[in-house]
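Take a look at the letters that make up each chain.
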Amino acid sequence: MEPRSGCPINAAVEVLGDRWSLLVLRDIIFGDRRYFRALLTGSIEGIASNILADRLVRLVDAGILTRGTAARGQRARYSLTEAGIQTLPIIYALGNWGLDWRPGSDELRSRQQLMRDEGPAFIEELMDELRVRHLDAPPKPHDGPGPFERLDAAYAAAAEQEHVD
């Protein structure tokens, strides 16, 4: 797919610039939803099946995702490519803007707040872990809980606090 112009911003927007593509990537990255049904039923925004199917095809065609081969009757698993993993800093920047300028629940904002508090090194840790999950890279050693475990703990703590309040 050739971009309309040689502008790198245009080229990126043509692939990532619609609402659903970024939300699908968010759910693959943070929700580890790798199958069509999980993406469809796990979407808190309620993506329609035809829109999801279209976005998955677009993201595969753009080299952001790969679609695993599935035998008849089996489900295809989607994986991030390195280009897909490199969308994490973009999603992180959008999330920071959302924290500053848009309302939302503490529960749903908790992961973004943790990423902001932890800073760029945490984003790199997340990207390394995504390479392990999606590209079969060897895991890098780290002390204590991994980045996704810390995100899950932040979400759980915020959810518990929201139920107490």
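Residues numbered from 1 in each chain as written. Predicted model: local features only at pLDDT ≥ 70, side-chain atom pairs only at ≥ 80, totals over all residues. Heavy atoms only, no water.

Engineer: Go over the UniProt feature "domain: HTH hxlR-type" (unreviewed entry) in the protein chain with me, naming the residues and quoting the values.
Structural biologist: The feature "domain: HTH hxlR-type" (unreviewed entry), as given by UniProt, occupies residues 7-106 in the numbering adopted here. Annotation note: span residues 7-106, helix share 61%, strand share 6%, distance between end C-alpha atoms 37 Å. (UniProt positions renumbered as here; feature names shortened; annotations may be inferred. Helix = DSSP H or I, 4+ residues; strand = E, 2+ residues; numbered from the N terminus.)

Engineer: Please provide a residue-by-residue account of helix α9 (residues 147-164), values included.
Structural biologist: Relative to the 26 Å expected for 18 residues at 1.5 Å per residue, α9 spans 26 Å between its end C-alpha atoms, a close match to the ideal helical length. What α9 keeps buried is the set Pro-147, Phe-148, Leu-151, Ala-154, Ala-158 and Ala-159. Down the axis of α9, the sector holding all buried residues measures 130°, keeping them to one side. Set apart from the buried face of α9 by more than 90 degrees, the exposed residues are Glu-149, Glu-160, His-163 and Val-164. Of the surrounding elements, those touching the buried residues of α9 are α2 (19-31), α7 (106-118) and α8 (120-135). (Expected span 1.5 Å × (residues − 1). Buried < 20%, exposed > 50% of the residue type's maximum accessible area, 1.4 Å probe, protein only. Arc of directions from axis to C-beta. Contact = heavy atoms within 4.5 Å.)

Engineer: Can you lay out helix α6 (residues 88-101) for me, pointing to particular residues and giving the numbers?
Structural biologist: For an α-helix, 3.6 residues make a turn, and residues three or four places apart therefore share a direction. Taking 1.5 Å as the rise per residue, α6 with 14 residues should run 20 Å; its terminal C-alpha atoms sit 20 Å apart, in good agreement. Buried residues of α6: Leu-88, Ile-91, Tyr-92, Gly-95, Asn-96, Gly-98 and Leu-99, and no others. All buried residues of α6 lie within an arc of 160° about the axis, which places them on one face of the element.

Engineer: Before we move on, could you go through the domain arrangement of the protein chain and cite the residues and values that matter?
Structural biologist: Once the domains are mapped, the protein chain shows domain 1 (8-80) and domain 2 (82-163). Here the C-alpha centre of domain 2 lies 19 Å away from the C-alpha centre of domain 1. For the pair domain 1 and domain 2, the summed buried surface comes to about 1300 Å²; carbon and sulfur atoms form 73% of the total. In terms of surface lost to domain 2, no three residues of domain 1 exceed Ile-29, Phe-30 and Leu-80, which account for 52% of the buried area on that side. The interface formed by domain 1 and domain 2 holds zero salt bridges in total. (Domains from an automatic or database assignment. Buried area = accessible area lost by both parts, 1.4 Å probe. Salt bridge = Lys/Arg side-chain N within 4 Å of Asp/Glu carboxyl O.)

Engineer: Any chance you could break down the environment of Arg-55 for me, citing the residues and the numbers?
Structural biologist: Following the sequence through the fold, Arg-55 ends up in helix α4 (residues 49-61). Owing to a relative accessible area of 10%, Arg-55 belongs among the buried residues under this scheme. Taking C-alpha positions, Arg-55 is 15 Å from Ala-76, a pair spaced 21 residues apart along the chain. Leaving out residues up to four positions away in the same chain, Arg-55 has contacts with Asp-18, Trp-20, Ser-21 and Val-24. Polar contacts involving the side chain of Arg-55 include one to the side chain of Asp-54, which spans 2.7 Å. (Polar contact = N/O pair within 3.5 Å; in protein donor to acceptor, adjacent residues only side chain to side chain.)

Engineer: Tell me what's going on with unusual backbone geometry, and back it up with residues and numbers.
Structural biologist: A negative phi angle characterises most non-glycine residues, just as the trans form characterises most peptide bonds. Backbone geometry places Asp-32, a non-glycine residue, at a positive phi of 50°. Among the structural elements, Asp-32 can be located in the loop between α2 and α3 (36-42). Residue Asp-32 is classed as partly exposed on the basis of its relative accessible area of 36%.

Engineer: Run through the environment of Gly-146, naming residues and quoting values.
Structural biologist: Tracing the chain through its elements places Gly-146 in the loop between α8 and α9. Overall, the relative accessible area of 7% leaves Gly-146 in the buried class. The spatial distance from the C-alpha of Gly-146 to the C-alpha of Gly-17 is 30 Å, given a sequence separation of 129 residues.

Engineer: Describe the side chain of Thr-87, and please don't skip the residues or the numbers.
Structural biologist: Its place among the elements puts Thr-87 in the loop between α5 (82-85) and α6. On the accessibility criterion, Thr-87 (2% relative accessible area) is buried. Residue contacts for Thr-87: discarding those within four places in its chain leaves Leu-16, Leu-25 and Ile-29.

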